[in-house]
Amino acid sequence: LEEAEQKVEEAKQAALDEKINQVLKSRKTADENEAMKKDLKDLRRKLDRYGGEDRGSPDAATSSGARRRSRFASQKMDTRAAAAAAARVDSASKPSSSDRRASKDSDGEDPRAKATAAAAMRKGRRASTRTSVVLSNLDEKQSIIANFQKKEDSLAEENTMLREMLASVKAEFVDLQRELIRLEQVETEVLELTGRAEYAESRFEDISDQMRSMTPRPERNFGAVGVDNDEIDTQDLMDILNDALDEPKYRDMPPESLTSMLLGQTDNGVPLQPYMSFRGCLEPIVLSSSAKLSRKKLEDSLKSGDLENLEEVCPHEVILLMQRALRDKFEVISFCNFLCGIDACSNPIDPEYFGSLAHMEIPRHEVLSMIKNGSLPTAERVTMLGEDQRRMRREIQDSRDTLKRFMQTEQRKEIARKKREQQQRKMKPLDNFLADLENGDLSKCKSFIGLGNGSDVPSFLRFHGKIPVKKMSKRETEKMTKEIWKAKLDWEQKTGDQFYLIDFVYIYLKDMVGIQSSIAMEGYNFVFSLKKYSYDVDCELFLKILTGEVMEEVYLEQLDLQKSIEKLMVTLDRVSNKKETGFIDKSELKQAMQSFFSVGQPNGKQTTRFDELLEKLNKEQPLAKVDYRRLLSEDEDFNQGPFMECVREQMLIERIEYFKELENLIYEETNYDEKCDEEQVRVALLQINPDLSKVELRKKLQSCFPKGVEMTTVALALSTLKRGATKLSNVLAQKKRGKRGARGSVIG
């Protein structure tokens, strides 16, 4: 209502000023016109006076018509005089009889008459001259009067226009007066409403006080600020804060000052509890009638650091405290209030509240946050809730957009996955054979149906017809796998040729049995036995390599892993026992293996899998000492103990998981496209292994992208990374030499 009243007053004053300015401008223009009219009247008066002087002479005309007649008479007289002169010239040479008579008469006339006639002629000539001058002056005055007449006409038009403007301004002024009267009425209504509002407000406060006295006060919300110290009495804290906020003298105190008062600190957080004996020590000096020290002078001295002018007024102990305050950078205003015994609202410091929270050791920012939350009006709380609601809506919308993008990415990912599965579902004949074995009962199998002689059938399985089942024991199966591995490694080392395992099985069986039918019979029964004993790590690994699920380098890596573990145990035995005893302490072995497998570290073994290894170790050798030679050895059926079987199985699982994660990372970089470039593979490798050295990274990238190759498929890049750079370089060298190369297989 006050703002509305103020706006009404401003509008009234602005409209009144504008109309007054217009009226003053119109009056000024009218005054200028009146002045010009007055000047014109004076000029006419002067002209009339000048004309009256001419009329007083004997030869002047009495009016403008007389002046014109006089001018015409003068012109006629001049004409007649010119004609008489010409006649005299003509008669000079020939005098007439009349002239002669006139001469005679003139000779006989009186000289006085001649003089009178001559004087009359001279007087006529002078009158004629004066008349010509007066007429020329009258012409000039007439032109001046004509100019003034034109100016008078223009001024009359302007005056008419200004009169019209003045009339419109008067009409507007009347309207403005009416509007002013209406605004005054509105002002009266506003004042009446203001009085009613003030009465209603006071009445509301009275009713609110009555309600507070009749009903319990609703609990304040101090926010979600938690106190971590269990020794703090939360209820005591809430009671102190509620009492302080309910205290009338603290209602207008800023939250920062109230926080400082409750914690017994300055506004910058310096504790004042050690100096409680100085609280209000300067109050008598400041309030004394001599007024040697004022609150303002004390504050200025502390801000400037000049305490010399206070030494005569303040005690020496207080001066020392001020020096310490300057050194410790106390906040000046709150420190001055402390010395004067007042709070931020100039009320006397209440010992009941000052420092009441100091013993709880609550962080200042938490107390400040609680006070701010507890003192918020309902309107501000509603505003904050509205802002939180809008923020949450924005977050929900952002989450929806993120979810939409995620769903689109997942959709593309699913399409790419289905595409890869489709490619993988183009099962080879060997996969179909294994699937039939998986679905059937292996114990009741009596014979096999050959897969034919197609190019996609492995060489050692090409056969048409029925093949009888030749039962092989697990020992025979594992023995055959070891013999094939040994023969393959010896062959490659001897000849330098590189073969995939599925191709070398044919060479091995051909050397063993010769003809194709026998090769097929041995091959089908060997694959059948591998499937039957796939619970064993060696059989499972050999079968996975044959089907192309994993690369044969895994077998070599398992051998290297076994040798590394054996070397670790031997070294630990030598360090602990000063010689090779074959026994090591289990706790030392546990620590050594934890470091060897990088348990819990990035790209290291998971803790759950390491616990599984320890469980297998305790199950196999429950004593405190570990017989590591027996732990690493095989029995007569080529079976290793549970510990080594678990190590090799985890190694195979971790390798499969590693390349599966690498495949996903590459697809994320390509946006699930089947094509990838060198930079995308580089980013994926560094994401999955940030500690990869630059040399190793460059070697892997060169294996995937040889010179001249910029793009490749994701499957081919993964296949190359699984094979390793060394074997790929050997295969390329063989192709250059024209030798037989290994047939590549793509691993999805």
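Residues numbered from 1 in each chain as written. Predicted model: local features only at pLDDT ≥ 70, side-chain atom pairs only at ≥ 80, totals over all residues. Heavy atoms only, no water.

### Structural notes on the packing of aromatic side chains
Under the criterion given, the structure shown has 15 aromatic pairs. Residues Phe433 and Tyr524 carry aromatic rings whose centres are separated by 5.3 Å and whose planes lie at 80 degrees to one another, so their mutual orientation is edge-to-face. Highlighted residues: Phe433 in helix α13 (residues 429-439) and Tyr524 in helix α16 (residues 516-532), separated in sequence by 91 residues. Side by side, Phe433 and Tyr524 carry an identical accessibility label, which is buried. Clustering of aromatic rings is evident, with ring pairs tying together Phe433, Phe448, Tyr524 and Phe528. (Phe/Tyr/Trp six-rings, centres within 6.5 Å; stacked < 30°, edge-to-face > 60°. Helix = DSSP H or I, 4+ residues; strand = E, 2+ residues; numbered from the N terminus. Buried < 20%, exposed > 50% of the residue type's maximum accessible area, 1.4 Å probe, protein only.)

### Let's talk about the confidence of the model for the protein chain
Model confidence for the protein chain is summarised by a mean pLDDT of 77, while 83% of its residues fall at 70 or above. Taken as a whole, residues 53-64 scores under 50 in pLDDT and shows 12 contacts with residues more than four places along the chain or in a different chain. Note that residues 725-748 has pLDDT below 50 and, in this model, 39 contacts with residues that lie over four places away or in other chains. (pLDDT = per-residue confidence, 0-100. Contact = heavy atoms within 4.5 Å.)

### Focus on helix α14 (residues 474-495)
For α14, spanning 22 residues, the distance from its first C-alpha to its last is 31 Å, which sits close to the expected 32 Å at 1.5 Å a residue. Every buried residue of α14 is listed here: Lys474, Thr477, Glu478, Met480, Thr481, Ile484, Trp485, Lys488 and Glu492. Projection of α14 onto a plane perpendicular to its axis shows the buried side chains occupying an angular sector of 160 degrees, all on one side. Of the exposed residues in α14, the ones pointing more than 90 degrees away from its buried face are Lys486, Gln493 and Lys494. (Expected span 1.5 Å × (residues − 1). Arc of directions from axis to C-beta.)

### Concerning the side chain of Arg609
Mapped onto the elements, Arg609 comes out in helix α20 (residues 607-620). Only 2.5 Å separates the side chain of Arg609 from the side chain of Glu657, close enough to count as a polar contact. Each residue touching Arg609, except ones within four places of it in the same chain, is listed here: Gln650, Ile653, Glu654 and Glu657. (Polar contact = N/O pair within 3.5 Å; in protein donor to acceptor, adjacent residues only side chain to side chain.)

### Describing the pattern of salt bridges
Applying the stated rule across the entire model yields 24 salt bridges. Asp350 is the salt-bridge partner of Lys249, the closest N and O atoms lying 3.3 Å from each other. Residue Lys249 is found in the loop between α5 (234-246) and α6 (255-263), and its partner Asp350 is found in the loop between α10 (332-340) and α11 (364-374); the two are separated by 101 residues along the sequence. Relative accessible area serves as the criterion here: at 27%, Lys249 is assigned to the partly exposed category. By relative accessible area, Asp350 is classed as buried at 16%. Residue Lys660 is joined to Glu663 by a salt bridge in which the shortest nitrogen-to-oxygen separation is 3.6 Å. In this pair, Lys660 and Glu663 are both assigned in helix α22 (residues 642-669), three residues apart and thus about one turn of the helix distant. For Lys660, a relative accessible area of 43% corresponds to the partly exposed category. Look at Glu663 and you get buried, because its relative accessible area is 3%. One salt-bridge network, held together by shared partners, links Lys605, Arg609, Glu654 and Glu657. (Salt bridge = Lys/Arg side-chain N within 4 Å of Asp/Glu carboxyl O.)

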